Amino acid sequence: MSSRRRVGAVSLIAALAAGGACAHPGAPPPAAAPADPDLDGPIAEMKGIVPSRFTDGQAHAKDQALDRAWSTLKAHRDRAVPRLERELAALRASGRRDDFFSIDAACLLWELAGVEAAGPIAEALDGVDLSAHFEVIFPTFSAAAATHDPRVLPILWHALATTEKTGTIFFPEHFLKIGWPTTLDFMFDPFGPALCEHLPLGPETVRDPAVAASVLYLGYTLACASALPSIRAWARRAQGELRKEATVAVSHLGAPEDRDVLVALADSPDTETRRVGAFALYEYGDPATAPTLRKLLTDPAPAVRIEAIAGVFHLIDTDGARALIQRRKDPQIPQDEAEKIDAMIAGVARDTAVDRAALAAGDARLWQTAIAKYWKDRDAFFALRPGDRRLTRDELERALELWTQAGRLAAYPPDWTAWIETRHLLSVTTAADIPKLVAVRGSILRRHSDEALEEIGLVDRMLLVLRRRAAGAAKPNE
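Thresholds, definitions, all that
- Residues numbered from 1 in each chain as written.
- Predicted model: local features only at pLDDT ≥ 70, side-chain atom pairs only at ≥ 80, totals over all residues.
- Heavy atoms only, no water.
- Helix = DSSP H or I, 4+ residues; strand = E, 2+ residues; numbered from the N terminus.
- Buried < 20%, exposed > 50% of the residue type's maximum accessible area, 1.4 Å probe, protein only.
- Contact = heavy atoms within 4.5 Å.
- Areas by Shrake-Rupley, 256 points an atom, 1.4 Å probe, with all protein chains shown as cover.
- Lys, Arg positive; Asp, Glu negative; His and termini not counted.
- Charge placed at Lys NZ, Arg CZ, Asp CG, Glu CD.
- Core = buried A, V, L, I, M, F, W, Y, C linked by side-chain atoms within 4.5 Å.
- Salt bridge = Lys/Arg side-chain N within 4 Å of Asp/Glu carboxyl O.
- Disulfide = S-S within 2.5 Å.
- Phe/Tyr/Trp six-rings, centres within 6.5 Å; stacked < 30°, edge-to-face > 60°.
- Lys NZ or Arg CZ within 6 Å of the ring centre and 35° of its normal.
- pLDDT = per-residue confidence, 0-100.
- Axes fitted to C-alpha atoms, helices over the stretch in contact; angles between N-to-C directions.
- Left-handed = near helix turned anticlockwise from the far one by under 90°.
- Nonpolar A, V, L, I, M, F, W, Y, C, P; charged D, E, K, R; others polar.
- Expected span 1.5 Å × (residues − 1).
- Arc of directions from axis to C-beta.

Trainee: Would you mind showing me how to read the overall build of the protein here?
Mentor: The secondary structure content of the protein amounts to 24 helices and 2 strands. Taking the principal axes of its C-alpha atoms as reference, the protein extends roughly 90 × 55 × 45 Å. With 478 residues in all, the protein has 51% of them scored as buried. For the protein, restricting intrachain contacts to residue pairs at least 6 apart in sequence, the fraction spanning at least 24 positions comes to 71%. For the protein, the exposed area adds up to about 21900 Å²; of that, 54% sits on carbon and sulfur atoms. Computed over 57 positive and 65 negative side-chain charges, the separation of the two mean positions in the protein equals 4 Å.

Trainee: Please clarify how the nonpolar core should be interpreted in this entry.
Mentor: Generally speaking, a soluble globular protein has its nonpolar side chains buried in company with each other. Core analysis: the biggest nonpolar cluster contains 108 residues, and L125, F141, L156 and F188 have the highest contact counts within it. In terms of residue count, the dominant contributor to this core is helix 5 (residues 99-113) (11 residues). Discounting residues that sit within four places of it in the chain, L125 has contacts with I103, A106, L130, I137, F141, I155 and H158. One finds L262, V304, I316 and W367 within the second-largest nonpolar core, a separate group that totals 37 residues.

Trainee: Whenever I open this one, the pattern of salt bridges confuses me. Can you help?
Mentor: Inspection of the entire model under this criterion finds 41 salt bridges. Between D460 and R441 there is a salt bridge, with its nearest N and O atoms 2.5 Å apart. Note that D460 is positioned in helix 24 (residues 450-471) and R441 in helix 23 (residues 434-444), a separation of 19 residues in sequence. Since its relative accessible area comes to 27%, D460 is described here as partly exposed. Judged by its relative accessible area of 1%, R441 falls in the buried class.

Trainee: Looking at this structure, how should I read the environment of T273?
Mentor: For T273, the location among the structural elements is in helix 14 (residues 271-284). Between the alpha carbons of T273 and K244 there is a distance of 7.7 Å; along the sequence they are 29 residues apart.

Trainee: Which parts of the structure should I look at to understand the state of the cysteines?
Mentor: A covalent bond between the sulfur atoms of two cysteines is referred to as a disulfide. Applying the stated rule across the entire model yields 1 disulfide. Residue C196 pairs covalently with C224 via a disulfide, S to S 2.1 Å. Of note, the bridge from C196 to C224 carries an S-S torsion of about -80 degrees and is left-handed in sense. Here C196 is found in the loop between helix 9 (182-188) and helix 10 (209-221), whereas its partner C224 is found in the loop between helix 10 and helix 11 (227-237), with 28 residues between them in sequence. We note that C196, like C224, is buried.

Trainee: How should I be thinking about the packing of aromatic side chains in this particular structure?
Mentor: Aromatic ring pairs are reported here in terms of the distance separating the ring centres and the angle at which the planes meet. Following the criterion strictly, the structure yields 6 aromatic pairs and no others. Between the aromatic rings of F138 and F171, the centroid separation amounts to 6.0 Å while the plane-to-plane angle is 45 degrees, which identifies the pairing as tilted. Residue F138 is located in helix 7 (residues 134-146), and its partner F171 is located in strand 1 (residues 169-171); the two are separated by 33 residues in the primary sequence. Residue classification places F171 among the buried positions, given a relative accessible area of 5%. A cation over an aromatic ring shows up here: R398 above the ring of W416, its NZ or CZ 4.3 Å from the ring centre.

Trainee: Honestly, the confidence of the model for the protein in this entry has me stumped. Any pointers?
Mentor: Regions with low pLDDT carry predicted coordinates that are not meant to be interpreted in detail. Here the protein shows a mean pLDDT of 90. Residues at 70 or above account for 93%. This model gives residues 1-28 a pLDDT under 50, and the stretch forms 40 contacts once residues within four places in sequence are excluded.

Trainee: For this particular structure, what's the right way to read the packing of helix 10 against helix 11?
Mentor: When two helices pack together, their arrangement is given by the angle between the helix axes and by the axis-to-axis distance. The contact between helix 10 and helix 11 brings their axes to 10 Å, and the two run at 145 degrees. Relative to helix 11, the crossing made by helix 10 is left-handed. In this structure, helix 10 uses A212, L216, G219 and Y220 to contact helix 11, whose residues at the interface are A227, I231 and W234. Broken down by class, the residue content of the contact of helix 10 with helix 11 amounts to 6 nonpolar, 1 polar and no charged.

Trainee: Quick question: what am I supposed to make of helix 21 (residues 393-406) here?
Mentor: Spacing of three or four residues puts side chains on the same side of an α-helix, whose turn is 3.6 residues. End to end, helix 21 covers 20 Å across 14 residues, agreeing with the expected 20 Å (1.5 Å per residue, within 8%). All of the buried residues along helix 21 are E395, L396, A399, L400 and W403. One face of helix 21 carries all of its buried residues, which in axial projection span an arc of 130 degrees. Elements in contact with the buried residues of helix 21: helix 22 (422-426) and helix 23. Just downstream of helix 21, G407 is the residue with a positive phi angle, here 70 degrees.

Pasting the structure below:
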C-alpha cells in the first residue's frame, strides 16, 4: 500500500470516527509502563517482528512463542488490557512503525476487552499497513461488525482501504482463498443493514480511490436505500476502474431512467468504456437496448465484440439472431468469437429443445420458436409452479428471523423451512423486506466458509430481483 493511499484512508477514518483520532503531535508521551514480570516478556516477544526475515523453521518457532505470549497475556487480562493500551500509545507517540505489533496488539485487545476497547483498537490501526498481518486482523473486523455496536465503526473504517493486493485471506479448513471485494462482505456485512446509516457514499466524502471502491461495493451489496444516487454520481465523475464498477452497479439496478446513459457508452471513443458499456447492457437486461449491442458486434475492438456477443444472446430477438448468424459466417471472424457464438447457439438449442444445426444455419422459423420459449422461461423463472405450496407472510417473517439467528438458510438439522426455495420467497417478498434479507446475509457471513459464500449467492439473487422490481426494470427476473 502506498503512503498516499494510507494517508487517504486515515483522512476518511478521522472524518468519520467520533473521538478516534491519533495522538496529538504536541501531547506529552505516555508514562512508561511499570515493570511487570508476568507481562514484560510476552510484550517484548510481540515487538519488532518482520516475517520476511524468518526462515520457515524460525517462523514456526516464532508462531509458537507468540501463542505462548498471547496465552500469558490472556491469563492476566486485567493487567494486560491497560498495558497493551499504554504500549500502543507509546509506539504512536514515538513516531516509529511496528505494524505487526500494532495489528497483533489490537487483535489481542479485542479478544480481551471487545467493544470496550474499540477506541484504543481503532487508534492502534491508524496508518498501519494491514497486509503486515491481514490474516489476524481479518477475523477481528468480522467479529467487531457482528456486534452491531456503532462504537466499532472507527475500527471497521480501516478495512475500507484494503485492495486486491492487501485484502486476500485463506480459509485453510475449507481450502478456500478469497480476495477483495469478497473479503469486504465478511468484514462488514455482519453489522447488518444499519451500516448503511453510517457508510459514506458520496464522491464528495471519499478522496481515496481504494476506499471509494470499497464504499461503492458495500453501498450496492448492502442494498443501501441511499446508494443509487451516489452510485450514479460515481459513474458520472469517476475514472478507470472506479467508473466501471459504478456503471455496472447502476446497470444491476435496472432503473429505466438510466437506460440512455448506459446506451451512450457504446459511442465512446474509449475502447474500455465501450466494453464496460456492453457488459453493463447485458446486466441491465432491457430488450430495448438490443440494437446497441447488435451494433457492437462489429466494433473494431475484440474485447468489445466478445461482450457484445453475450449481450445479444442475452437479449435475443429475431434481428439479433440474424446478426449473430451473419457474424458467424464471416470468413474473417476470430476463432474465439466463432467458438463463443457456437457455444451460445448450443445453449439456446439445449434450453429451448430446438434443433441446434437448424439454429446454426439460421432457420428463421425455428429461431422464432426458440426465442419465444427463451423469453417465456426467463420471465417466469421465479414464478410459482403448478401444485407449489404458497409461502405466507407469517411464514416468511418466521423464516427470516430463524435464518438470521441461525446464520444459515436452513436451521441445522433441517427444519420446517427446508421446503422454501427462491421462487417461494420471491412470490411474497417486496422491497420492504430487503433490509431483513440483508440481515440474513450478514448473519450467514459470520461463518467463514465456502458454504456461506454459496448461501449468500442465493440471497444476492433475491436481492437483485427485488431491487430491480423496485426500480421498475423492464425485465426484473434476471
